Amino acid sequence: MATKTSSETTKNKTAAKTTVKTATTKTATAKAAPKTAATRTVKKTVVKSVEKKKILFVASEATPFIQTGGLAEVIGSLSKALAANDNLDVRVVLPLYSDIKKSDRDKFSYIGNIYVHLAWRNQYCGIFEYVKDGVTFYFIDNEFYFKRPGCYGYFDDGERFAFFSRSVLEIMPVINFYPDIMHCHDWQAALAAIYLKTNYCFRPEYQFIRALFTIHNIEYQGWYSLDLLSDLFDIYGSYQYLVEYKNCINLMKGAIECCERFSTVSPRYAGEIKEEYFAHGLDPIVRKNHFKLSGILNGIDDEGYNCEKDTHLFANYTPDDFSNKALCKKGLQKLLGLPQKADTPIISMVSRLVSHKGLDLVTTVIEELLQDDVQVVILGTGDAHFEGFFSDLARRYPDKFSANIAFNGDLSRKIYSGSDIFLMPSKSEPCGLSQMIACRYGTVPIVRETGGLYDSIKPLENGYTFANYNAHDMLYVIRQAVNDYKNKEEWKELMYRAATTDFSWNRSAKLYEALYFDMLK
Ligand code: GLC
């Protein structure tokens, strides 16, 4: 194991004490009950907080601490939206990656540490806490597993997230929080649901915890060799049937089997993952468990993405007055070295550069498109093949195409606000947030009708859509939009409708709440 940080070492020494202290305080509170007016008030408050339903999110990333994709945004913004509800006590557990900024880490309080057993392993697990926007975040500290750049992509990811998932269950007595609902997200948290049902639910404190498993992308399932069943994942042979799939361990399959309910991030995708084309092999499992499945469309943090207030923009504007959006466009063109032409539409993409985002369609017709009077801007990282293709294209069309091979939050907001049309032609898209963000900035999306893109963008109401995964169908719709863009008045109305579509969490957070309460019946 890597050496502990100095704060970790000092704090370790007090860990046992901290735990005991918490327990003592709790007992003391419970015993003291003289019936004075003052204590009656205290008692009332305690009863009220006990009545709140306790929700624990288990996830591998969350804004504002650590982000590689849309999952983090959903964990950060959904937990905040749910916590605004008086009925819910919402908490989130995350790994303490070394990529979490020091300025954030300095604010976290150390709660204690335990050792977590997993098969023959016995690993240090430090627990840190931080409360933000009404949500309590816990961070699981183990430098051997999490003191590395990035979040994923290591040979031992299975072991890292098994440790994380096991720790989530083991810290419950320390943080004194046994949730009513343990809401696990994606394969990295699948084992928390599996361990709950295989190891923990026989203990009285754990027996009423219900597990909800949310699939943000069915492509990433956590496939492992069956040899690792007991040696790595510490699952008894009698439970092999829960996680075994196609002669391997499949953690997502295990979570679907073990949880009381599972969900995905749009109603359309909930239907799609029952089909072979979308399910990456899991469709029989989804169909078998269909009675537990629901689809709830993600929202976005509409305060965080607000063209009136966003300080990253070259200028601010409102849906009622888009005039300053022209300054955003000019600033973007200048920044990216494109000619500052006000009337040439900028078509943008902010995306991971991987095939299922529809990049095969883009690479097929982009040169044809670049013959028209348009500028195209791409931001993202991903497969070397696409990064190379777009970098080369930018060298050949310096006045029309800008490739930005990076993950850059500031530039993404400048692109969302400074462009006119946002392209998202995904082959499959569980929900997609970028099309919603683009709308918030009055940038009209063109999407393929799949998953959450289908559920959020309606043709000519707030964007353009095409149905078939076909490059020329896409090009046809892009040209239609570019043509419509010339009609300034109608275009402004379309921008207005896009910018004022309600993508806040208001509706969807209520649907999650209803699902939680339904699970607790
Ligand atoms: C994944 C999906 C994306 C979804 C996001 C948040 O990144 O690919 O479609 O919006 O998770 O749920």
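Refer to the structure printed above.
None of these values were measured; they are calculated from a predicted model.

**Quick notes on the packing of helix α3 (residues 70-83) against helix α23 (residues 506-519)**
- Closest axis-to-axis distance for the α3/α23 pair is 10 Å, and the angle between their directions is 70°. Compared by their axis directions, α3 and α23 come out roughly perpendicular. Along its contact with α3, which presents Leu78, Ala81 and Leu82, the element α23 presents Ala509, Tyr512, Glu513 and Tyr516.
- Its residues placed into classes, the contact of α3 with α23 shows 6 nonpolar, no polar and 1 charged.

**Here we look at the sheet that holds strand β10 (residues 248-250)**
- Read across the sheet, 3 strands follow the order β8-β10-β9 without closing on themselves; strand pairing throughout is antiparallel. Of all strands in the sheet, those bounded by a partner on one side alone are β8 (223-225) and β9 (244-245).
- In the sheet, β9 pairs with β10 via 2 bridges, with the strands oriented antiparallel. Of the residues in β10, the one forming a bridge with Tyr245 is Cys248.

**Concerning the pairing of strand β5 (residues 135-141)**
- Most of β5 sits inside the fold, with 7 of its 7 residues counted as buried.
- Along β5, one buried face is formed by Val135, Phe137, Phe139 and Asp141 and the opposite face, lined by Thr136, Tyr138 and Ile140, is buried too.
- Two elements, strand β4 (residues 121-132) and β5, share 7 bridges in a ladder whose sense is antiparallel. From the neighbouring strand, Val131 faces β5, where its bridge partner is Thr136.

**A short note on helix α17 (residues 384-396)**
- Between the first and last C-alpha of α17 there are 18 Å, a value that for 13 residues agrees with the 18 Å anticipated at 1.5 Å per step.
- By the burial criterion, the buried members of α17 are Phe386, Phe390, Leu393 and Ala394. Mapping the buried residues of α17 onto a view down its axis gives an arc of 100°, with all of them on the same face. Across from the buried face of α17, at angles greater than 90 degrees, the exposed residues are Ala384, His385 and Arg395.
- Packing partners of the buried residues in α17 comprise α16 (359-369), β14 (375-379) and β15 (401-404).

**Details of the pattern of salt bridges**
- Applying the stated rule across the entire model yields 26 salt bridges.
- Two residues, Lys102 and Asp106, come together in a salt bridge whose shortest N-O distance is 2.9 Å. With respect to burial, Lys102 and Asp106 carry one shared label: exposed.
- Between Arg166 and Asp234 there is a salt bridge; the shortest N-O distance is 2.8 Å. Within this pair, whereas Arg166 is found in helix α6 (residues 157-170), its partner Asp234 is found in the loop between α9 (228-231) and α10 (240-243), the two being separated by 68 residues in sequence. Pair check on accessibility: Arg166 and Asp234 agree, each one buried.
- One network of salt bridges, with partners in common, ties together Lys101, Asp104 and Lys107.

**Describing the site of the ligand**
- Gly70, Leu71, Val74, His216, Asn217, Val265, Asn298, Glu429, Pro430, Cys431, Gly432 and Leu433 make up every residue found near the ligand.
- One nitrogen or oxygen atom from the main chain of Cys431 is found 3.0 Å from an oxygen atom belonging to the ligand.
- At 2.8 Å, a backbone N or O of Gly432 approaches an oxygen atom of the ligand.
- Tallied by class, the residues present in the shell around the ligand amount to 6 nonpolar, 5 polar and 1 charged.

About the cut-offs
- Residues numbered from 1 in each chain as written.
- Predicted model: local features only at pLDDT ≥ 70, side-chain atom pairs only at ≥ 80, totals over all residues.
- Heavy atoms only, no water.
- Axes fitted to C-alpha atoms, helices over the stretch in contact; angles between N-to-C directions.
- Helix = DSSP H or I, 4+ residues; strand = E, 2+ residues; numbered from the N terminus.
- Parallel < 35°, antiparallel > 145°, perpendicular 65-115°, else oblique.
- Contact = heavy atoms within 4.5 Å.
- Nonpolar A, V, L, I, M, F, W, Y, C, P; charged D, E, K, R; others polar.
- Pairing = 2+ DSSP bridges.
- Buried < 20%, exposed > 50% of the residue type's maximum accessible area, 1.4 Å probe, protein only.
- Expected span 1.5 Å × (residues − 1).
- Arc of directions from axis to C-beta.
- Salt bridge = Lys/Arg side-chain N within 4 Å of Asp/Glu carboxyl O.
- Near = heavy atom within 4 Å.
- Polar contact = N/O pair within 3.5 Å; in protein donor to acceptor, adjacent residues only side chain to side chain.

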